[in-house]
Amino acid sequence: MFDPRKLEQIAKQIHQAMPAPVKDLGNDVDQKIRQVIQSQLLKLDVVNREEFDVQTQVLLRTRQKLTELEKKVNELEKKLTQSTTSNEEEA
């Protein structure tokens, strides 16, 4: 497999060897492509990586709290069952 750094170096050398008008055309095309991509991304309902990471952390904390609450509910149900069973045995 090719070394990506080597390919990047070759691409830079080719770019530097191009005549100025071709470089300018390439820069203009690159800028237009970026503008089109940005405008299309703005139309989509997406979040950036930072927002995604924040929501992931919120979800993890919520999941932990849910797990803790499930344990507490199970313990309370167990105590209630034991209390009900012992009250029935007394009667």
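No experiment lies behind these values; they were computed from the predicted model shown.

## What about the overall build of the protein?
Along the protein, the regular secondary structure elements total 3 helices and 0 strands. For the protein, the sequential pattern of α-helices and β-strands runs α-α-α. In summary, the protein has a C-alpha radius of gyration of 31 Å against a globular reference of 12 Å for 91 residues, an excess of more than 25%. Expressed along its principal axes, the backbone C-alpha trace of the protein runs to roughly 100 × 35 × 15 Å. Burial analysis of the protein (91 residues in total) assigns 0% to the buried set. For the protein, the exposed area adds up to about 9100 Å²; of that, 58% sits on carbon and sulfur atoms. Where the 15 positive side-chain charges of the protein centre and where its 16 negative ones centre are 9 Å apart.

## Structural notes on the pattern of salt bridges
For the structure shown, the criterion picks out 1 salt bridge. The shortest N-O distance in the salt bridge between Asp 53 and Arg 49 comes to 3.3 Å. With a gap of 4 residues between them, Asp 53 and Arg 49 both fall in helix H3 (residues 49–90), about one helical turn apart. Taking relative accessible area as the criterion, Asp 53 reaches 35% and is therefore assigned partly exposed.

## A word on a nonpolar patch on the surface
Residues Leu 25, Val 29, Ile 33, Ile 37, Leu 41, Leu 44 and Val 46 make up a contiguous nonpolar surface patch of about 640 Å² in total accessible area. Within the secondary structure layout, Leu 25 lies in helix H2 (residues 20–43). Exposure remark for Leu 25: the relative accessible area of 53% places this residue in the exposed category.

## Details of H3
With 42 residues, H3 should cover 62 Å at 1.5 Å per step; its first-to-last C-alpha distance of 61 Å lies within 8% of that length. The distance from a side-chain oxygen at the start of H3 to the backbone nitrogen of Glu 50 is 3.2 Å, and the residue carrying that oxygen is Asn 48.

## Description of the confidence of the model for the protein
Summary statistics for the protein give a mean pLDDT of 84 and a share of 95% for residues scoring 70 or more. Helix H1 (residues 4–17) is the least confidently modelled element of the protein, averaging 76 in pLDDT, while H3 averages 93, the highest of any element.

Basis of the calculations
In this convention, every chain numbers its residues from 1, walking through the sequence in written order. In view of the model being predicted, local features appear only for residues whose pLDDT reaches at least 70, and side-chain atom pairs are presented and counted only at 80 or more, with totals across whole chains, interfaces and linings using the full set of residues. Remark: hydrogens and water are excluded; side-chain values derive from all non-hydrogen atoms of the structure. Working definition: helices are DSSP H or I runs of at least four residues, strands are E runs of at least two. Numbering for both runs from the N terminus. Throughout, the radius of gyration refers to the C-alpha atoms, and the reference size of a globule is 2.2 Å times the residue count to the power 0.38. Note on exposure labels: buried denotes an accessible area under 20% of the residue type's maximum, exposed denotes more than 50%, and partly exposed covers the range between, all computed with a 1.4 Å probe on protein chains only. Computed with a 1.4 Å probe, the accessible areas rest on the Shrake-Rupley method; for each residue, only the protein chains presented here act as cover. None of His or the chain ends enter the tally, which takes Lys and Arg as positive and Asp and Glu as negative. To locate a charge, take atom NZ for lysine, CZ for arginine, CG for aspartate or CD for glutamate. One speaks of a salt bridge when a side-chain nitrogen belonging to Lys or Arg is within 4 Å of a carboxyl oxygen belonging to Asp or Glu. The patches described consist of residues with a relative accessible area above 30% and no salt bridge, like charges being joined within 9 Å and nonpolar side chains (Val, Leu, Ile, Met, Phe, Trp, Tyr) within 5 Å. Here the expected length of a helix is defined as 1.5 Å per residue gap, with one fewer gap than residues. Each polar contact in these results corresponds to two N or O atoms within 3.5 Å; when the atoms are within protein, one needs to be able to donate a hydrogen and the other to accept it, and residues that are neighboring in sequence are counted only if both atoms are side-chain atoms. pLDDT expresses, on a scale from 0 to 100, how confident the predictor is about each individual residue.

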